[in-house]
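So the chains spell out like this:
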Amino acid sequence: MSTLAQLRIPATYMRGGTSKGVFFRLQDLPAFAQVRGPARDALLVRVIGSPDPYGKHTDGMGGATSSTSKVVIISRASVPDHDVDYLYGQVPIDGDFIDWSGNCGNLSSAVGPFAIANGFVDASRVPRDGLCTVRIWQANIGKTIIAHVPMRDGEVQETGDFELDGVAFPAAEIQLEFLDPADEGDDGGAMFPTGRAVDQLEVAGVGTFEATLINAGVPMVFVEAAALGCAGTELQPAINENPSLLATLEAIRAARAVRLGLIDDVSKAAARPLTPKVAFVAPPADYVASSGKPVRAADIDLLARAISMGKLHPAMMGTAAVAIATAAAVPGTLVNRVAGGGKREAVRFGHPSGTLRVGAQAREVGGAWVVTKAVMSRSARVLMEGAVRVPDETHAAAEA
């Protein structure tokens, strides 16, 4: 596998939803990287091109944003009645580590197509035309995702007329079902770890915020935009060029992590940038999306903005969309409140790139809320396939 001073590793570069990542089959990785540990992490960090003090990822496959600095490892299913294991890693732009603590809901849409194209799905279950159902075990969080992938003439259909705000070109629609998306966190297990739809979250040096703390798709904390002095219609420059606001949002995220035992001190939050996540929500309002497309208040149920790896996400993380749908379905949460209250199985929310519709099936059982499924549509496409080259000394450095 070594060519001169570089390793040559088979890989596929894929877009999934509004994210991009480098996909690997486990068996194609060098032997030392087929097991978890610092050697694997060092290799994959170098694939992306981190850490990069220039913030460009010029010497790697990353795109220098949280949406494009991702790696995925696909392997045979380790759990019965599933087709593949899907392991996701988020690579910080300026860090020399990988955060394996959560899932990427956007890249989840690319897992089914990759699994079919690479022979992980039994041929007898792959139709020549129609929808192929792929059962995915999300190995980071131990949850099932079902992808419904369109097929045409025996191949994964990638082109189509499904439009996804945040993606420039239409493609084929892939519907994702996130089964039992709650109870995936390591901070107590319940959908509402504190047992309440709204909490008072004390943030050292900042103040106290009303917050909804939820585990659904990803450990999440929601606050109202008004409490931050925001309208909820902001685009990336308004947030990312406001260091004081970013610091407040990171302090809220860190306080949530400490409150629920993910870390024992706020100083450790930087080593866990992927989870939990923080978002702010507001009632519907008119605004103009980053593409120049007008979004009308009459067409949405609420506004939502989420922070990913310290910056405002250009659209919305898929896992955060699951959390939004789930929180909106439960009366009394901040998300449900800004959406107008009541019981609802689907919401359309406005994000920086446009709008997104997501659904969740929630019900109250014995005084506690549970969600059985969250559903959303995405698209995916192979951008490039072949091999990535990585300096061979990566392995030696990791073991030194």
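None of the values given here were measured: they were computed from a predicted structure.

**Focus: the overall build of the chain**
Step number 1: Broken down by element type, the chain carries seven helices and 21 strands.
Step number 2: Over its C-alpha atoms the chain spans a radius of gyration of 20 Å, differing by no more than 12% from the 21 Å that the globule rule assigns to 400 residues.
Step number 3: Its C-alpha atoms give the chain principal-axis dimensions of about 60 × 50 × 45 Å.
Step number 4: Per-residue burial over the chain gives 55% buried out of 400 residues.
Step number 5: Put simply, of all contacts in the chain between residues at least 6 apart along the chain, 63% involve residues at least 24 apart.
Step number 6: Accessible area for the chain stands at about 16000 Å²; split by element, carbon and sulfur atoms hold 50% of it.
Step number 7: Counting 36 positive and 43 negative side-chain charges, the chain places the centres of these two groups 2 Å from one another.

**Things to note about the side chain of N240**
Step number 1: By the element assignment, N240 lies in helix α3 (residues 236–240).
Step number 2: Beyond its immediate chain neighbours, meaning those up to four positions away, N240 contacts L246, K311 and L312.

**Things to note about the pairing of strand β10 (residues 199–203)**
Step number 1: Burial along β10 is one-sided: the residues D199, L201 and V203 are buried and none of Q200 and E202 is.
Step number 2: Pairing analysis gives five bridges linking β10 to strand β11 (residues 207–216), with the strands arranged antiparallel. Paired with L201 across the bridge in β11 is F209.

**Regarding the environment of R25**
Step number 1: Examined against the element boundaries, R25 turns out to sit in strand β3 (residues 19–25).
Step number 2: Take R25: its relative accessible area is 25%, and that puts it in the partly exposed class.
Step number 3: Separated by 74 residues in the primary sequence, R25 and D99 have C-alpha atoms spaced 19 Å apart.
Step number 4: A distance of 2.8 Å separates a polar atom in the side chain of R25 from a polar atom in the side chain of D28.

**Re the pairing of strand β18 (residues 346–351)**
The side chains of a regular strand alternate, residue by residue, between the two faces of the sheet.
Step number 1: Pairing geometry for strand β16 (residues 302–308) and β18, over two bridges, is parallel. Note on β18: the bridge partner recorded for L302 is F349.
Step number 2: Pairing analysis gives six bridges linking β18 to strand β19 (residues 354–365), with the strands arranged antiparallel. Residue pairing across strands places A346 opposite G359, the latter belonging to β19.
Step number 3: Hairpin connection between β18 and β19: a loop of two residues separates the two successive antiparallel strands.

**A closer look at empty space enclosed by the protein**
Step number 1: In the structure shown here, the tally under the stated rule is four cavities of 30 Å³ or more.
Step number 2: Considering only enclosed or pocket space, the largest cavity measures out at about 90 Å³ in volume.
Step number 3: Taken together, 17 residues form the lining of the largest cavity, with K70, C104, K277, S308 and M317 sitting closest to its centre.
Step number 4: Among the elements of the structure, β5 (84–90) and α5 (318–329) are those that each provide at least two residues to the lining of the largest cavity.
Step number 5: When its residues are assigned to classes, the lining of the largest cavity shows four nonpolar, eleven polar and two charged.
Step number 6: In terms of lining, the second largest cavity is formed by N103, I141, K143, T144, I145, F178, L179, P181, G217 and T319.
Step number 7: Of all the secondary-structure elements, those providing two or more residues to the lining of the second largest cavity are β7 (143–152) and β9 (174–179).

**What about the pattern of salt bridges?**
Step number 1: As enumerated under the stated definition, the model contains 14 salt bridges in all.
Step number 2: A salt bridge links R337 to E210, with the nearest nitrogen and oxygen atoms 3.2 Å apart. Of the two residues, R337 sits in helix α6 (residues 334–338) while E210 sits in strand β11, which places them 127 residues apart along the sequence.
Step number 3: Looking at R337, the relative accessible area reads 40%, which means it is partly exposed.
Step number 4: We note a salt bridge from R296 to D299, for which the minimum N-O separation is 3.0 Å.
Step number 5: Each member of the salt-bridge network shares a partner with another, and the members are R196, D199 and R259.

**Section: the packing of aromatic side chains**
For any pair of aromatic rings, geometry is given as the distance between the ring centres together with the angle between the planes.
Step number 1: Considering all chains together, one arrives at one aromatic pair under this definition.
Step number 2: Seen from their ring centres, F23 and F114 are 5.5 Å apart, and the 40 degrees between their planes marks the pair as tilted. Of the two residues, F23 sits in strand β3 while F114 sits in helix α2 (residues 108–117), which places them 91 residues apart along the sequence.
Step number 3: In this structure F23 comes out as buried when scored by relative accessible area, which is 0%.
Step number 4: Judged by relative accessible area, F114 falls into the buried class, the value being 3%.
Step number 5: A cation over an aromatic ring shows up here: R305 above the ring of Y287, its NZ or CZ 4.8 Å from the ring centre.

**Comments concerning the environment of S109**
Step number 1: Relative to the helices and strands, S109 resides in helix α2.
Step number 2: Relative accessible area serves as the criterion here: at 0%, S109 is assigned to the buried category.
Step number 3: In sequence terms S109 and R378 are 269 residues apart; their C-alpha atoms lie 6.1 Å from each other.
Step number 4: The contact partners of S109, leaving out residues within four places of it in the chain, are G16, G17, I174, L176, R378, S379 and A380.
Step number 5: A distance of 3.2 Å separates the side chain of S109 from the backbone nitrogen of G17, its partner in a polar contact.

Parameters and conventions
Throughout this description, residue numbers start from 1 for each chain and increase along the sequence as written. Since the coordinates come from a predicted model, pLDDT governs what is reported: local features require at least 70, and pairs of side-chain atoms require 80 or more to be given and counted, while whole-chain, interface and lining totals use all residues. For side-chain calculations, the full set of non-hydrogen atoms in the structure is used, while hydrogens and water are omitted. Numbering goes from the N terminus for both helices and strands, where a helix is a DSSP run of H or I of at least four residues and a strand is a run of E of at least two. Restricting the calculation to C-alpha atoms gives the radius of gyration, and the globule rule supplies 2.2 Å times the number of residues raised to the power 0.38. Three exposure classes are used, based on accessible area relative to the maximum for each residue type with a 1.4 Å probe and protein chains only: buried under 20%, partly exposed in between, and exposed over 50%. Pairs of residues are marked as contacts when any of their non-hydrogen atoms sit within 4.5 Å. The accessible surface values rely on the Shrake-Rupley method and a 1.4 Å probe; as for residues, cover is taken only from the protein chains in view. Only four residue types enter the tally: Lys and Arg on the positive side, Asp and Glu on the negative side; His and the chain ends are excluded. Charged side chains are reduced to one point each, which is NZ for Lys, CZ for Arg, CG for Asp and CD for Glu. Paired strands, as defined in this entry, are two strands with at least two bridges between them according to DSSP. Distance and chemistry together define a polar contact, namely a pair of N or O atoms within 3.5 Å, with one atom able to donate a hydrogen and the other to accept it when in protein, and with adjacent residues in sequence counting only for side-chain atoms on both sides. Here a cavity means grid points, on a 1 Å grid over the protein atoms only, where a 1.4 Å probe fits yet cannot get out; a pocket means an open set of points with protein on both sides within 12 Å along at least five of seven lines; lining residues are those with an atom within 4 Å of a point. Grid points are joined across faces, edges and corners, and a volume is the space filled by probe spheres set on the points. For this scheme, ten residues count as nonpolar: Ala, Val, Leu, Ile, Met, Phe, Trp, Tyr, Cys and Pro. Four count as charged, namely Asp, Glu, Lys and Arg, and the remainder, Gly too, count as polar. We count a salt bridge whenever a side-chain nitrogen from Lys or Arg sits within 4 Å of a carboxyl oxygen from Asp or Glu. Here a pair means two rings of Phe, Tyr or Trp (six-membered ring of Trp) with centres within 6.5 Å. Their orientation is stacked below 30 degrees between planes, edge-to-face above 60, and tilted elsewhere. Any Lys NZ or Arg CZ that is within 6 Å of a ring centre and within 35 degrees of that ring's normal is treated as a charge sitting over the ring.

Honestly, it's all geometry; don't read function into it.
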